[in-house]
Amino acid sequence: INICLMNPLSTGKVTIALKRPLRNDCISKERFTRLSDCRVIVDPSYLSDARDVDALYNGWKSSSDIKHCWYGSCIEILPGNFFLMLSWLCFILQWLNNFFSLSGAMHPRSKQTS
């Protein structure tokens, strides 16, 4: 069961600033500025309003109640502890494979025959 916040009350801001200041003599000539000359800063301010946090918490609590009511005797398989352990095992095996193939140490293909 997934939860999401459909109508957030948190507000962010977008700031657009010029990378270089305009010259005084060119202000009247330069009516438009290219986006490549601007620096855009986006601050989404996720969950900055406490009411959003409360709404998500209430949604989480309700979804947990529904899950226990309808699926109380079931076991979550994926994503669960098994999935987490399997993903870490794959990561470690990939890292070891990259380490030994890059260093050349103890790699069967790195042995030279004479």
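First things first, this report covers the structure right here in the doc.

1. Topic: the pairing of strand E1 (residues 13-18)
Counted residue by residue, E1 has 0 buried out of 6 residues, so it is predominantly exposed. Here E1 runs beside strand E2 (residues 38-43); their pairing, made up of 6 bridges, is antiparallel. Paired with Val14 across the two strands is Val42, which belongs to E2.

2. Overview of the pattern of salt bridges
Taken as a whole and judged by the stated rule, the model has 1 salt bridge. Here Arg51 makes a salt bridge to Asp49, at a shortest N to O gap of 2.8 Å.

3. Comments concerning the environment of Leu56
Position of Leu56 relative to the elements: it lies in helix H1 (residues 50-71). Classification of Leu56 by relative accessible area gives partly exposed; the value is 26%. Separated by 52 residues in the primary sequence, Leu56 and Cys4 have C-alpha atoms spaced 7.2 Å apart. Contacts of Leu56, omitting those with residues within four sequence positions, involve Ile3, Cys4, Leu5 and Leu47.

What counts and how
Residues numbered from 1 in each chain as written. Predicted model: local features only at pLDDT ≥ 70, side-chain atom pairs only at ≥ 80, totals over all residues. Heavy atoms only, no water. Buried < 20%, exposed > 50% of the residue type's maximum accessible area, 1.4 Å probe, protein only. Helix = DSSP H or I, 4+ residues; strand = E, 2+ residues; numbered from the N terminus. Pairing = 2+ DSSP bridges. Salt bridge = Lys/Arg side-chain N within 4 Å of Asp/Glu carboxyl O. Contact = heavy atoms within 4.5 Å.

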